[in-house]
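Summary of structural features
Residue-level listing of the chains:
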Amino acid sequence: MTKDIFLTNNLTNKKEKFVPIDQNNVRMYVCGPTVYDDPHIGNARPIVIFDIFYKILKKKYSSVTYVRNITDIDDKIIKSAKENNISISELTIKITKSFYEDCDFLKCEEPTHQPKATEHVDLMIEMILELIKKGFAYENNHHVYFEVKKFKDYGKLSNKKLEDLIAGSRIEVSENKKNSEDFVLWKPSLENEPSWNSPWGKGRPGWHLECSAMSKKFLGNEFDIHGGGIDLIFPHHENEIAQSRCANDTKVFANYWIHNAFLTMSNEKMAKSQGNILKIKDFRGKISGQVLRLALMSAHYKQPLDWNDKLLTECENTLTKWYNVFLTTNLHSEVSEDILNPLYDDLNTPGYIANLHKLYDQAFKGNDQDKKIFTSACNFVGLLSETKQQWLNIKENKISITPKDILAKIDLRNKARQNKNYEEADKIRDDLLDKGVLIEDKDGKTLWKFR
Ligand code: AMP
Ligand code: ZN
């Protein structure tokens, strides 16, 4: 008999025992990427965390359905396609491919389904019709809005009160809305923007609706777990709950809401808008994806994780040490419940890593059986998944400069330029180029990538 799984449920703000709706089909939905730019290490956090979660659920339950969507229609995508002078489909195909390659690089398993929003617009229109019919949504001037005050449980997940929302200044004001807190379900598209025919004219769905429609298709009206980063709690997840519960007439949407905290750099959220991103693809070929994976596991998912080069070096050294007692890939020895225990307890990945260190010590002194136990426990969470030769090959190709040093040099160059010391600025740029780093000034920011 395996142990129970405990989770911190953000819907109740409590750590709770996980009890699935159907033991024979455990269902999890995680909001996937908006494919407008290559994923960064911050985006990698939910990818890896929910991959480990998926593994734990599969260990305990015979059938687990894991859905992670691709948001391939959104204002950010339209803007980015225009800026890069490419078509929207070219952009979304390219970034989706890059996202899949990143998931592979991070040694993540494929979810059961990876639906694309653009392929499910008919279901979104159906859901809007249902919401209008039931009196939760209204049309005005080719727009459709969800009327927030009609849903009495609005704000429960994010602990927000309707009065505060109404007063909130951050809420978008539009002449088409009845109330400032209402959110869009459908809006007209401009010329040259992707559009679909609908009873309200040619247009496109709101972002929140995409997840409500796709989760319904693949997981049903009620399912077990819904996940994503904490920035999605409000308004995205709150709105998903409102739409789904009202359209489907249910008391719950998902029973357990799990959110990972941010990955930061110098304690600031890693985000494209902050200009502090490290793209996952820039690490490919320079470092093993396992190093990133171990680094992403090094903090509990509910705690912020500050990214730095020291962390990467430590993880690389740990893996090098571990590879010394590694037997072979794909060992299928059962990992004991005692070893798995930290993962059952609210996905305590640092606790599991501590167990791996203990198993390593035993394997180092012990026999092949101890090595097999250690290797299998690493394999369980996607570590030691390359052969020793592959690991050594990548290490030889190691980059000669770390991302942190690159950012520091870019900073120095910007200062030199501010002081009109262009000679110095060019020297720093050439130095970086010698180390294989290309920089580009765009929209007042300096972007970098490995050549
Ligand atoms: P996006 O493509 O921006 O919608 O983000 C995809 C996923 O990555 C969402 O679950 C976000 O919450 C998550 N995410 C974005 N930035 C970070 C970050 N700095 N740390 C952790 N998770 C993040
Ligand atoms: Zn979503």
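Residues numbered from 1 in each chain as written. Chains lettered and ligands numbered in written order. Predicted model: local features only at pLDDT ≥ 70, side-chain atom pairs only at ≥ 80, totals over all residues. Heavy atoms only, no water.

1. Considering the domain arrangement of the protein chain
For the protein chain, the assigned domains are domain 1 (6-263), domain 2 (312-396) and domain 3 (403-450). The partner domain 2 presents 15 residues to the twelve residues of domain 1 that form the contact. Together, the buried faces of domain 1 and domain 2 total about 1300 Å²; carbon and sulfur atoms form 63% of this surface. When the buried area of domain 1 at its contact with domain 2 is split by residue, Ile56, Lys59 and Lys107 rank highest and sum to 44% of it. Where domain 1 meets domain 2, there are three salt bridges. Here Lys15 ties to Asp345 by a salt bridge, and the two come within 2.7 Å at their closest N and O atoms. (Domains from an automatic or database assignment. Contact = heavy atoms within 4.5 Å. Buried area = accessible area lost by both parts, 1.4 Å probe. Salt bridge = Lys/Arg side-chain N within 4 Å of Asp/Glu carboxyl O.)

2. Here we look at the sheet that holds strand β12 (residues 268-269)
The three strands lie next to each other as β12-β11-β13, forming an open sheet whose pairing is mixed. If you trace the sheet from one side to the other, it starts and ends with β12 and β13 (305-306), each paired once. Direction of pairing for strand β11 (residues 263-265) relative to β12: antiparallel, over a ladder of two bridges. Paired with Thr264 across the strands is Lys269, a residue of β12. (Pairing = 2+ DSSP bridges. Helix = DSSP H or I, 4+ residues; strand = E, 2+ residues; numbered from the N terminus.)

3. Focus on the coordination of the zinc ion (ligand 2)
The protein atoms that coordinate the zinc ion (ligand 2) are Cys31 (SG), Cys211 (SG), His236 (NE2) and Glu240 (OE), at distances spanning 2.0 to 2.3 Å. Around the zinc ion (ligand 2) sit four donor atoms, and with donor-metal-donor angles ranging over 79 to 128° the site reads as irregular. All donors of the zinc ion (ligand 2) belong to a single chain; written as a sequence motif, their spacing is C-x179-C-x24-H-x3-E. Taken together, the residues Cys31 in the loop between β3 (26-30) and α1 (41-60) and His236 in helix α7 (residues 233-248) connect sequence positions 205 residues apart. His236 carries the same exposure label as Cys31, and that label is buried. (Donors = N, O, S within 2.8 Å, 3.2 Å for Na, K, Ca; no water. Tetrahedral: all angles 85-135°; square planar, octahedral: opposite > 155°, others 65-115°. Buried < 20%, exposed > 50% of the residue type's maximum accessible area, 1.4 Å probe, protein only.)

4. Overview of the packing of helix α4 (residues 121-133) against α7
For the pair α4 and α7, interaxial distance at closest approach is 9 Å and the crossing angle is 70°. Accordingly, the angle class assigned to the pair α4 and α7 is roughly perpendicular. For the pair α4 and α7, the sense of crossing is left-handed. For the pair α4 and α7, the contacting residues are Met127, Glu130 and Leu131 in the first and Gln243, Ser244, Cys246, Ala247 and Asn248 in the second. In the contact of α4 with α7, the residues fall into four nonpolar, three polar and one charged. (Axes fitted to C-alpha atoms, helices over the stretch in contact; angles between N-to-C directions. Parallel < 35°, antiparallel > 145°, perpendicular 65-115°, else oblique. Left-handed = near helix turned anticlockwise from the far one by under 90°. Nonpolar A, V, L, I, M, F, W, Y, C, P; charged D, E, K, R; others polar.)

5. Focus on the side chain of Ser212
Among the secondary structure elements, Ser212 is positioned in helix α6 (residues 207-219). The buried category is assigned to Ser212, whose relative accessible area is 1%. There is a polar contact of 3.2 Å between the side chain of Ser212 and the backbone oxygen of Glu240. Side-chain polar atoms of Ser212 contact the side chain of Ser244, separated by 2.9 Å. For Ser212, the residues in contact, after removing those within four places along its chain, are Met127, Glu240, Gln243 and Ser244. (Polar contact = N/O pair within 3.5 Å; in protein donor to acceptor, adjacent residues only side chain to side chain.)

6. Description of the site of ligand 1
Around ligand 1, the structure places 16 residues, and the nearest of them are Gly42, Gly229, Asp231, Leu263 and Met270. Thr34 places a polar main-chain atom, nitrogen or oxygen, 3.2 Å from an oxygen atom of ligand 1. One of the side-chain N or O atoms of Asp231 is found 2.4 Å from an oxygen atom in ligand 1. Here ligand 1 has 490 Å² of accessible area as a free molecule, and 91% of this is covered by the chains. Of all the secondary structure elements, the ones that give two or more residues to the shell around ligand 1 are α1 and β9 (223-229). When residues in the shell around ligand 1 are grouped by element, the largest group, three residues, is from α1. For the shell around ligand 1, the per-class residue count stands at seven nonpolar, seven polar and two charged. (Near = heavy atom within 4 Å. Areas by Shrake-Rupley, 256 points an atom, 1.4 Å probe, with all protein chains shown as cover.)

7. With respect to unusual backbone geometry
Omega for the bond connecting Phe234 with Pro235 falls within 30 degrees of zero, at 0°, which places this linkage in the cis form. Mapping Pro235 onto the fold places it in helix α7. One non-glycine residue with positive phi stands out, namely Lys107, at about 65°. The phi angle at Asn267 is positive, at roughly 65°, despite the residue not being glycine. Under the relative-accessibility criterion, Asn267 is labelled exposed at 66%.

8. A look at the environment of Ile77
As for its placement among the helices and strands, Ile77 is situated in helix α2 (residues 75-84). Counting along the chain gives 101 residues from Ile77 to Lys178, while the straight-line C-alpha distance between them is 28 Å. Not counting the four nearest positions on each side in its chain, Ile77 is found in contact with Thr34, Val35, Tyr36, Thr71, Asp72, Ile88, Leu91 and Thr92.

9. As for the side chain of Asn179
Along the chain, the position of Asn179 falls in the loop between α5 (162-167) and β7 (183-188). Here the side chain of Asn179 touches Lys149 through a polar contact of 3.2 Å, side chain to side chain. If we skip the residues at most four places from it in the chain, Asn179 touches Tyr138, Glu147 and Lys149.

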